[in-house]
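Here is what each chain is made of, one letter per residue.
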Amino acid sequence: MPSFLSIVYQITQECPLDCEICLRKYTFREKPINPEGRRNMVDILKARKLGRLNVTGGEPTILGDELHKFLIYVHNKQIHTCLTTTGFRLNREKLMQMDGYVDQMMISFHSVEPSDWQAMYSHRRFATELYETVMNILEWCKDTSIIMEVNTVVHRKNIGQITDIGWKLQQINPNIIWRLDEYYGMGLKEHKRNDFELGCGEFESISNEITGKFDRLFRDIHFTSLDQRKTSPGFLITHKGELVTTFDFRHTSTGFHLLRGAQLPEFKMLRDWSEYKKVCRDWGWGDL
Ligand code: SF4
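First, a word on scope: everything that follows refers to the structure included in this document. (Residues numbered from 1 in each chain as written. Predicted model: local features only at pLDDT ≥ 70, side-chain atom pairs only at ≥ 80, totals over all residues.)

Each helix and strand in the protein chain was counted, giving ten helices and ten strands. Scored against the burial criterion, the 288 residues of the protein chain give a buried share of 31%. Intrachain contacts of the protein chain at a sequence separation of at least 6 include 73% that bridge at least 24 residues. (Helix = DSSP H or I, 4+ residues; strand = E, 2+ residues; numbered from the N terminus. Buried ≥ 20, exposed ≤ 12 C-beta atoms within 10 Å, placed from the backbone. Contact = placed C-beta atoms within 7 Å.)

Across soluble globular proteins, nonpolar side chains have a tendency to be buried as a group. If you look at the biggest cluster of nonpolar residues, it comprises 58 residues, and the most contacted ones within it are Leu53 and Leu130. Looking at this core, the element that brings in the most residues is helix α5 (residues 124-140), giving eight residues. Contact partners of leucine 130, with chain neighbours within four places excluded, come to Thr86, Gly87, Phe88, Trp117 and Tyr121. (Core = buried A, V, L, I, M, F, W, Y, C linked by C-beta atoms within 7 Å.)

Attention now moves to the site of the ligand. Close contacts around the ligand come from Cys15, Leu17, Asp18, Cys19, Cys22, Arg24, Gly57, Gly58, Glu59 and Thr86, and that covers them all. For the shell around the ligand, the class distribution of residues is four nonpolar, three polar and three charged. (Near = placed C-beta within 6 Å. Nonpolar A, V, L, I, M, F, W, Y, C, P; charged D, E, K, R; others polar.)

Pairing is mixed in the open sheet, where ten strands are placed in the order β7-β6-β5-β4-β3-β2-β1-β8-β9-β10. Only two strands of the sheet have a single neighbouring strand rather than two, namely β7 (220-224) and β10 (252-257). Going from strand to strand, the sheet's axes swing by 25 degrees on average, the running direction of each strand aside. Note: strand β6 (residues 177-182) against β7, five bridges, orientation parallel. Bridging from a neighbouring strand, tryptophan 178 pairs with isoleucine 221 of β7. Contacting β5 (147-154), β6 and β7, helix α8 (residues 202-214) crosses the sheet at an angle of about 175 degrees to β7. (Pairing = 2+ DSSP bridges. Axes fitted to C-alpha atoms, helices over the stretch in contact; angles between N-to-C directions.)

So, about helix α6 (residues 162-172). For α6, the complete set of buried residues consists of Ile165, Gly166 and Leu169. Taken around the axis of α6, the buried residues stretch over an arc of 100 degrees, which confines them to a single face. Each element contacted by the buried residues of α6 is listed here: β5, β6 and α8. (Arc of directions from axis to C-beta.)

Attention now goes to the packing of α6 against α8. In the contact formed by α6 and α8, the axes pass within 10 Å of each other and the chain directions differ by 35 degrees. For the element pair α6 and α8, the recorded crossing hand is right-handed. Across the interface between the two elements, Ile162, Thr163, Gly166 and Gln170 of α6 pack against Ile206, Glu209, Ile210, Lys213 and Phe214 of α8. (Left-handed = near helix turned anticlockwise from the far one by under 90°.)

Along the chain, the position of lysine 25 falls in the loop between β1 (6-10) and α1 (35-47). Sequence-wise, lysine 25 and methionine 186 are 161 residues apart; in three dimensions their C-alpha atoms are separated by 7.9 Å. If we skip the residues at most four places from it in the chain, lysine 25 touches Gly187 and His251.

On to unusual backbone geometry. In this model, glycine 57 is joined to glycine 58 through a cis peptide bond whose omega is 20 degrees. With respect to the element layout, glycine 58 can be found in the loop between β2 (52-56) and α2 (65-76). Phi is positive for arginine 89, which is not a glycine, with a value near 60 degrees. Positionally, arginine 89 belongs in the loop between β3 (80-84) and α3 (92-98). Judged by the 16 C-beta atoms lying within 10 Å of it, arginine 89 is partly exposed.

This part is about the packing of α1 against α2. One can describe the packing of α1 onto α2 by two numbers: an axis separation of 10 Å at closest approach and a directional angle of 20 degrees. Our classification of the angle between α1 and α2 gives roughly parallel. Seen along the crossing, α1 lies across α2 with a hand that is right-handed. For the pair α1 and α2, contact is made by Pro35, Arg38, Arg39 and Val42 and by Glu66, Lys69, Phe70, Tyr73 and Val74, respectively. Of the residues that constitute the contact of α1 with α2, the class distribution is five nonpolar, no polar and four charged. (Parallel < 35°, antiparallel > 145°, perpendicular 65-115°, else oblique.)

Before going further, it helps to spend a moment on the pairing of strand β4 (residues 104-108). Examined bridge by bridge, β3 and β4 share three bridges and lie parallel to one another. Each bridged residue has a counterpart across the sheet, and for threonine 84 the counterpart in β4 is methionine 106. Crossover β3 to β4 through α3 is right-handed. Taken together, the five bridges between β4 and β5 define a ladder with parallel strand orientation. Along β5, the bridge assignment pairs methionine 106 with glutamate 149. (Right-handed = clockwise from strand over helix to strand, strands pointing away.)

Another point: the environment of arginine 216. Among the secondary structure elements, arginine 216 is positioned in the loop between α8 and β7. For arginine 216, a count of 8 C-beta atoms within 10 Å gives the class exposed. For the pair arginine 216 and proline 174, spaced 42 residues apart in sequence, the C-alpha separation works out to 9.4 Å.

Here you go:
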């Protein structure tokens, strides 16, 4: 029986923001699966030994209580529960509640300048609110046991301030995992890729600089280059409940739909399973 170990679930495609670097593939008029369908999906995955579910979007928090009930359901199944969010409209009280059912949270931090956030998120009011919220979340999470992962997508427009971002994060909360990913263009904003893509060797160079400056100053630092992102296979469940592989930035259907109860596929499209397992081991998700 194949084991999924860790899967990303795009619970919704919807998002109130409009980031210049958004990777979403948006398909209009396709309804997401309903709460009961989601719970069935989790039951199926749990029976296949799912170890970790990373709930992402769009922006998951727009689902409000529906999201939180789902996360509680996942957590009660003893699945490592990770929420990827911008932090949109989260507050201290909610975060304290989430401590009871969210094991890990990933939020984005791409600039130390609030004006850059307004430009990047293309929504002035939300972006200003969000900058404050993210700062607060980094502070508030010190009073929780949630593993906080901060993601910085490194691209042509922010590469000059990565060190400043590091010092800012380190000052607010050094107990975070700082994850730096090299930008790649796909999805809704693929046409903007030339504005953001780094030149040859730039990511490697900034990675070395950051390692030199911040070694041991965070809980952990991870770098993922464009090539590594390209060649790291993974699974994603779309908002419709379809299981796809994400190797090489392509979403390739496995032919398996979580709601239709078909037999699980053999995952022939996943070219390097051993590498995937290694990633899982490295990140402490389990050893197969
Ligand atoms: S990157 Fe995330 S926050 Fe930004 S528009 Fe896309 S889904 Fe929304």
